[in-house]
Protein chains: 4
Amino acid sequence: MSQIRVGVVGYGYWGPNIVRNLYALGTCEVAALCDKNPAALQKARRVYPSLHVTDSVAELMTSPGIDAVAIVTPVWTHFELAKAALENGKHVFVEKPFTSTAQQAEELIELAARKNLRIMVDHTFLFTGAVKKIRELIDKGALGRLLYFDSARINLGLFQHDVSVVWDLAPHDLAIMDYVIREKAEAVVATGSSHFNGQADIAFLTVYFPNNVLAHINVNWLSPVKVRTTLIGGRDKMLVWNDLEADEKIKVYDKGVTVTSKEGVYDLLVSYRSGDVWAPRVDQTEALKAELAYFLDCIAGGTTPFNDGEAGLRVVRMLEAADRSLAERGKVVPLA
Amino acid sequence: MSQIRVGVVGYGYWGPNIVRNLYALGTCEVAALCDKNPAALQKARRVYPSLHVTDSVAELMTSPGIDAVAIVTPVWTHFELAKAALENGKHVFVEKPFTSTAQQAEELIELAARKNLRIMVDHTFLFTGAVKKIRELIDKGALGRLLYFDSARINLGLFQHDVSVVWDLAPHDLAIMDYVIREKAEAVVATGSSHFNGQADIAFLTVYFPNNVLAHINVNWLSPVKVRTTLIGGRDKMLVWNDLEADEKIKVYDKGVTVTSKEGVYDLLVSYRSGDVWAPRVDQTEALKAELAYFLDCIAGGTTPFNDGEAGLRVVRMLEAADRSLAERGKVVPLA
Amino acid sequence: MSQIRVGVVGYGYWGPNIVRNLYALGTCEVAALCDKNPAALQKARRVYPSLHVTDSVAELMTSPGIDAVAIVTPVWTHFELAKAALENGKHVFVEKPFTSTAQQAEELIELAARKNLRIMVDHTFLFTGAVKKIRELIDKGALGRLLYFDSARINLGLFQHDVSVVWDLAPHDLAIMDYVIREKAEAVVATGSSHFNGQADIAFLTVYFPNNVLAHINVNWLSPVKVRTTLIGGRDKMLVWNDLEADEKIKVYDKGVTVTSKEGVYDLLVSYRSGDVWAPRVDQTEALKAELAYFLDCIAGGTTPFNDGEAGLRVVRMLEAADRSLAERGKVVPLA
Amino acid sequence: MSQIRVGVVGYGYWGPNIVRNLYALGTCEVAALCDKNPAALQKARRVYPSLHVTDSVAELMTSPGIDAVAIVTPVWTHFELAKAALENGKHVFVEKPFTSTAQQAEELIELAARKNLRIMVDHTFLFTGAVKKIRELIDKGALGRLLYFDSARINLGLFQHDVSVVWDLAPHDLAIMDYVIREKAEAVVATGSSHFNGQADIAFLTVYFPNNVLAHINVNWLSPVKVRTTLIGGRDKMLVWNDLEADEKIKVYDKGVTVTSKEGVYDLLVSYRSGDVWAPRVDQTEALKAELAYFLDCIAGGTTPFNDGEAGLRVVRMLEAADRSLAERGKVVPLA
């Protein structure tokens, strides 16, 4: 079979990483790059002299020499671009968050299904060794029944002009949470504050799951220190993922709570166990490379990626709910 | 003037620290210790052979040889004990949280005022070198206008049987927040979950202040790691207090956001400053000792402590609001 | 059998810990305390009103009511005090370092043997959960063949007036090294410098063992930061002990070097393995309490402690060798 | 003036960084690249299609179109290559360590002087923000009189087949030490051990300076953890440089020793000061880029770089002394 021909739209902050990894894979053809900004195109041409570049989205979208489009642009453009790609029979790889509204996401999912095309949403973290290891541990029951998920993703900005800290940073945590908890979220509460340009620059999300499983996400563009830490509590063991650690990113604590009932539920004895700590070796392969290889595999094999439009839609629904909650200072917003 | 004679009620977890520091001060008389538990009294007598111990609260409360009572018992007993002490003309030092309800706190404050007696609520952290330094920095404007306060107090519990993690751990953070922000809190949102005995064991509080100042408090009895960290963001500088650091508990970051308006508010340019970091030397004196000395001073001088009944009441009001919010999964609860 | 009656000489920095733990054990009688300093005796009497105190060493040494003497005084007094105790038929527990010279240590060992009395040298660290765990791991071969031992014990001093940083801090590391390596040290090289009072305040010791096993000890009274870290490298696994960590004091790294010979020894291929990290739970019992209990057991059972005079002598020999090496800027000093 | 034309010899581990930065500078011409390995040349051509590559050193050395040669090859080749470059009238930029022997270094220095050519030894660390800041602090007397320099550079190797850990890692520390202490080293003591291929894989260097200033360097290829820490003690302040810290690489501690003489030198009172800690902002520019720009400046301006052949020679002399000391288990080797 001939190589899949990929066109890339957008060569700003993240686009160069997409192009670099597509080239590095060596298993697809990078057929064209489109950007409205001449400086971006020039920069790309310096590194990849043979790459066809254009400032015309229409040219790329209608080109018969392109099988799949990677959309690496601001979120407000995702819907129109993805729609054009799908309508022209091209598979879509799209940055997170998937779309600006759940309704857009649903329309794209429906369109892709009708055309039998793949959508993959770039939830890159799901392809890191750390998240794969966490999912593996949870799946094999190493933590026992899940109790909570608590994540902090904070540092001194980059302020986005068009989106809040919730749409900028929380999609990472929501996608990871969705991937490892694997339950249907029930409701969202979001609190936060805006200090500079009307967009929230600090926010706290709570996501309710069945069986008292609780997720909490702390995102902040105004922190003097960088923190990338997720705690996952289980009945049998507990886990801390510190993504800033070079070597021991994940630590599994043989710690937990033992509840013994003396005389019925009204007389519970709660005690603690504290045992060894274990830092499993985590795969260090570049996540984006693995994700793009998987995208090509899904196209070639006609299989649905796990980080498909539905996964993207679940995240967008939670972002929308968070916005509604934020607007009313923490009102509980149920998820349909 | 003769020494103030202090009676102590309660010799469980915290009581021994109160007694030890009262003795260490050497400026008051430890007149009596009361506990219902004979083993506790025996333990005390071993260390302080000359200390008068009793299992009768009534005896201690009515003793003419006692000027002030330190109440170091579970929160549900505070109201009755403090009321008895005040009615018998004794000053009151009482553990945090002050009372189980705001209404109780108001009644005690009114009673103390009528009797011209002092109430001090044991918000010990306000007497640490770290919190004193933070207050000093904020007061002299070192951080600029405050933006947010974000605190995490998590570890593998001691589960309390009678209170939730909110009433157990959050009073520390609420008292500190109240002390350093010095504005009237407007509303509380609390989310959380209970996994073992019906009491929340993990909770997240958001407290709204005027001018978009936001406080957030993360309390958790189910964390495998111990965290005691508070971030305070200001317009000019930002501060991190890590109470687990032996030496550099407070770091002040010369970091911040610079907003320049190019053409009106619709075109803000947000940029970042990043300069030196500074860890001021922090006083290492034992906080409880300083607090008890201050209690004796307030009694002797007839002055009102800053951590008085009103300060305790403000914390209890926020705890009550948090409970109401928790019960409705994060409903916004305005503070009167 | 009646309880062993212990007399304690010295109530300065460490003496109070000895007395407190002897009381806490509850299995011996603290028969007398001797100190030349009236303030020290008064301090002791405040805490232990029933304790017999005296400023006469002779009284304590000749008292028929004392079976064993704990010597908690400066090193230059150890020999005379221990000799007096042994000559009066009393067992000896003595602070590290054992004596000022190897010759003194040999004389005491010979005297104790003749009188059938026990000598225990207070190498407290050997009774910590961390060192016990390290020894256990090495003994069961978990690290494979040992390659090196590298320890740093640095902080902003307490300067001793009578000894150098080598005699003050290195005995800890030398005793631990001796306990876990369990080989006969061959030679010592010490370098260092003195900046204030003629005694070395910073020093680096290298101790050579058979089979290319190398130990290195970094002691420093002039460091702005406190470090208590020991690395132990083995052929199969490597270990880091950070004594300042509250919880994960010991980490075992499944890392190592794999050497494969392609064509004879002249063509070695060296590659690396890197696997999981594991922090075994470590016993948190107070080491000194366990050590004193062991001292009483050894007396009662007539058994020789592993931290006996011979163990103390091995450390003193290395300290003497270090002094000789230091005096000649790092000359190699063989151990007899 | 026309651009300086640089030829590069060696495109292994470090060569690509040299070439990348020469291109990035944009102020010189990268005239040719030479490597014996066809795969290396092919790799270079993929990234720089217009770069002239050759496997003939002679071609590059004799080319009239080349003004300066960067030698990025194993140390045992440095002398022959640098000599050929100088003899052909080309300036030399050469990897550390400068040469295999001091005698070679002297010969090259003499040759360059005779030909009026520049030699720069690639002591990259001297161009980092951290080292520049340390030098600046020392030069302006912020630390007071220097007491010691103690550096650890340890991790799980890359074993070099042709050199020991001393020649591989210690040149960094020796060059930094030489740059910031700015005194003539007097003697070297080195201890260490070899476990795999006959080359020392763990070593400890002590370098003696006048006035009791002591330097110590700990290099280790067999450590499970990576450490890059340097302590510098001064009479007034002390400094810790942790190169693995992302943000606060340098911390200055307002800590020190105060010595007061009560009655003559025999009765010194030593006490401690402990004040604030300060982490100055450190320039984050890529060091190698700044160094190469400086190389071009020195050629253009005819000025002698501070990291010239003499600086390289001082390091090589200490490496030779370390080897001699190692061979005799720590014998003191005076520096001429």
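Note that this is a predicted model, so its numbers are computed, not measured.

What follows covers the overall build of chain A. A count of helical and extended segments in chain A gives nine helices and 15 strands. Expected size for 336 residues packed as a compact globule is a radius of gyration near 20 Å; at 21 Å, chain A falls within 12% of this value. Each principal axis of the C-alpha atoms in chain A carries an extent, and together these give about 75 × 45 × 40 Å. For chain A, contacts bridging at least 24 residues in sequence account for 67% of all contacts bridging at least 6. For chain A, the exposed area adds up to about 13,200 Å²; of that, 50% sits on carbon and sulfur atoms. Counting 36 positive and 40 negative side-chain charges, chain A places the averaged centre of each group 2 Å from the other.

Taken as a whole and judged by the stated rule, the model has 64 salt bridges over all chains. A salt bridge links Glu136(B) to Lys133(B); the shortest N-O distance between them is 3.6 Å. Taken as a pair, Glu136(B) and Lys133(B) lie in helix H6 (residues 129-139) at a separation of three residues, close to a single helical turn. Classification of Glu136(B) by relative accessible area gives partly exposed; the value is 35%. Taking the shortest distance from any N to any O, the salt bridge between Glu110(D) and Arg114(D) comes out at 3.1 Å. You can see Glu110(D) and its partner Arg114(D) sitting in helix H5 (residues 102-115), four residues apart, about one turn around the helix. Residue Glu110(D) is classed as partly exposed on the basis of its relative accessible area, which comes to 43%. Given a relative accessible area of 57%, Arg114(D) falls into the exposed group.

All right, on to the relation of the copies chain A and chain B then. At an RMSD of 0.0 Å, chain A and chain B line up after a rotation of 180° and a shift of 0.0 Å along the axis. This pairing of chains is accounted for by a two-fold axis. Taking C-alpha positions as the reference, the residue of chain A nearest the rotation axis is Lys331(A), at 2.7 Å. Of the residues that chain A buries at the interface, 100% are likewise interface residues in chain B, meaning the two copies contact each other through the same surface.

The next thing to look at is the packing of helix H4 (residues 78-87) of chain B against helix H5 (residues 102-115) of chain B. All names here are of chain B. The N-to-C vectors of H4 and H5 enclose an angle of 10°; their axes lie 10 Å apart at closest approach. For the element pair H4 / H5, the angle class is roughly parallel. The residues of H5 that touch H4, namely those facing Phe79, Ala82, Lys83, Leu86 and Glu87, are Gln104, Glu107, Leu108, Leu111, Ala112 and Lys115. A per-class count over the contact of H4 with H5 returns six nonpolar, one polar and four charged.

The subject of this paragraph is the sheet that holds strand S3 (residues 53-54) of chain A. Residue and element names in this part refer to chain A. The strand order S3-S2-S1-S4-S5-S6 describes an open sheet built from six strands, whose pairing is parallel. Two strands bound the open sheet, and with one partner strand each, they are S3 and strand S6 (119-122). Across two bridges, the pairing between strand S2 (residues 28-34) and S3 is parallel. Note on S3: the bridge partner recorded for cysteine 34 is threonine 54.

All names here are of chain A. If you look at the biggest cluster of nonpolar residues, it comprises 82 residues, and the most contacted ones within it are Val166, Leu174 and Met177. The dominant element in this core, judged by the number of residues it contributes, is helix H7 (residues 165-181), at twelve residues. Those residues in contact with leucine 174, other than ones at most four positions away along the chain, are Leu205, Val207, Ile217, Val315, Met318 and Leu319.

Glancing now at the relation of the copies chain D and chain B. The two chain copies are related to each other by a rotation about an axis together with a translation along it. Of the transformation superimposing chain D on chain B, the axial component is 0.0 Å and the angular component is 180°, with the fit at an RMSD of 0.1 Å. Taken together, the interface assignments show that 100% of the residues at the interface of chain D recur at the interface of chain B, consistent with an identical surface on both copies.

Attention now moves to the sheet that holds strand S6 (residues 119-122) of chain C. Residues and elements named next belong to chain C. Strands sit in the order S3-S2-S1-S4-S5-S6 across an open sheet of six strands; the sheet is parallel. Two strands lie at the open edges of the sheet, namely strand S3 (53-54) and S6, each paired on one side alone. Two elements, strand S1 (residues 4-9) and strand S2 (residues 28-34), share six bridges in a ladder whose sense is parallel. The residue bridging valine 9 from the neighbouring strand is cysteine 34, located in S2.

Moving on, we come to the pairing of strand S2 (residues 28-34) of chain B. Residue and element names in this part refer to chain B. Among the seven residues that make up S2, six are buried, leaving the element largely enclosed by the rest of the structure. Where the polypeptide runs from strand S1 (residues 4-9) across helix H1 (residues 15-25) and back to S2, its parallel neighbour, the crossover connection is right-handed. With helix H2 (residues 38-47) bridging S2 and the parallel strand S3 (residues 53-54), this β-α-β connection has right-handed handedness.

This paragraph deals with the interface of chain A and chain B. How large an interface is tends to be reported as the accessible area lost when its parts come together. Taken together, the contacts link 52 residues of chain A with 52 residues of chain B. Of the roughly 4,500 Å² buried between chain A and chain B, counting both surfaces, carbon and sulfur atoms make up 68%. The largest share of the area that chain A buries against chain B comes from Phe196(A), Pro224(A) and Arg329(A), three residues that together contribute 16% of it. Remark: the boundary between chain A and chain B carries two salt bridges.

Time to look at helix H4 (residues 78-87) of chain D. Every buried residue of H4(D) is accounted for by His78(D), Phe79(D), Leu81(D), Ala82(D), Ala85(D) and Leu86(D). Of the surrounding secondary structure, the elements contacted by the buried residues of H4(D) are strand S1 (4-9), helix H3 (57-62), strand S4 (68-71), strand S5 (91-95), H5 and strand S6 (119-122) of chain D.

When we look at a pair of aromatic rings, we describe it by the centre distance and by the angle of the planes. Tallied over the entire structure, the rule returns 32 aromatic pairs over all chains. Through a chain of ring-to-ring contacts, three or more aromatic side chains come together here, namely Phe127(A), Tyr179(A), Tyr294(A) and Phe306(A). For the cation-ring pair, Arg329(A) lies above Tyr208(B), with the distance from its terminal atom to the ring centre recorded as 4.1 Å. Sitting over the face of the ring of Phe125(C), Arg153(C) holds its NZ or CZ atom 4.7 Å from the ring centroid.

What follows concerns the environment of Asp254(A). All names here are of chain A. Along the polypeptide, aspartate 254 turns up in strand S13 (residues 250-261). C-alpha separation for the pair aspartate 254 and serine 325, spaced 71 residues apart in sequence, amounts to 36 Å. Aside from chain neighbours lying at most four places away, what touches aspartate 254 is Asp236, Lys237, Arg273, Ser274, Gly275 and Asp276.

Another aspect to go through is the interface of chain D and chain B. The interface is formed by 13 residues belonging to chain D together with 13 residues belonging to chain B. Both faces considered, chain D and chain B share a buried interface measuring about 1,000 Å² in area, 37% of it formed by carbon and sulfur atoms. When the buried surface of chain D facing chain B is broken down by residue, Glu248(D), Asp276(D) and Arg281(D) rank first, second and third, together holding 44% of it. For the interface between chain D and chain B, the tally reads two salt bridges. Among the elements of the structure, strand S13 (250-261) and strand S14 (268-279) of chain D are those that each provide at least two residues to the side of chain D that touches chain B. Of the residues in the side of chain D that touches chain B, the class split is five nonpolar, two polar and six charged.

Quick look at the arrangement of the chains now. The two units chain B and chain C remain apart, with a minimum C-alpha distance of 8 Å. The closest approach of any C-alpha atom in chain A to one in chain D is 8 Å; the two make no contact.

The next subject is the confidence of the model for chain A. Summarising the model, chain A shows a mean pLDDT of 94, and 96% of its residues fall at 70 or more. Predicted complex, confidence summary: ipTM 0.94, pTM 0.93.

What follows covers the pairing of S6(C). A regular strand places its side chains so that they alternate between the two faces of the sheet. Residues and elements named next belong to chain C. Burial of S6 is two-sided: the residues Ile119 and Val121 facing one way and the residues Met120 and Asp122 facing the other way are all buried. Taken together, the four bridges between strand S5 (residues 91-95) and S6 define a ladder with parallel strand orientation. Bridge assignment links phenylalanine 93 to a residue of S6, and that residue is methionine 120. The β-α-β motif built from S5, the intervening helix H5 (residues 102-115) and the parallel element S6 has right-handed crossover chirality.

Definitions and cut-offs
- Residues numbered from 1 in each chain as written.
- Chains lettered and ligands numbered in written order.
- Predicted model: local features only at pLDDT ≥ 70, side-chain atom pairs only at ≥ 80, totals over all residues.
- Heavy atoms only, no water.
- Helix = DSSP H or I, 4+ residues; strand = E, 2+ residues; numbered from the N terminus.
- Rg over C-alpha atoms; globule rule 2.2 N^0.38 Å.
- Contact = heavy atoms within 4.5 Å.
- Areas by Shrake-Rupley, 256 points an atom, 1.4 Å probe, with all protein chains shown as cover.
- Lys, Arg positive; Asp, Glu negative; His and termini not counted.
- Charge placed at Lys NZ, Arg CZ, Asp CG, Glu CD.
- Salt bridge = Lys/Arg side-chain N within 4 Å of Asp/Glu carboxyl O.
- Buried < 20%, exposed > 50% of the residue type's maximum accessible area, 1.4 Å probe, protein only.
- Least-squares fit on C-alpha atoms with pLDDT ≥ 70 in both.
- Axes fitted to C-alpha atoms, helices over the stretch in contact; angles between N-to-C directions.
- Parallel < 35°, antiparallel > 145°, perpendicular 65-115°, else oblique.
- Nonpolar A, V, L, I, M, F, W, Y, C, P; charged D, E, K, R; others polar.
- Pairing = 2+ DSSP bridges.
- Core = buried A, V, L, I, M, F, W, Y, C linked by side-chain atoms within 4.5 Å.
- Right-handed = clockwise from strand over helix to strand, strands pointing away.
- Buried area = accessible area lost by both parts, 1.4 Å probe.
- Phe/Tyr/Trp six-rings, centres within 6.5 Å; stacked < 30°, edge-to-face > 60°.
- Lys NZ or Arg CZ within 6 Å of the ring centre and 35° of its normal.
- pLDDT = per-residue confidence, 0-100.

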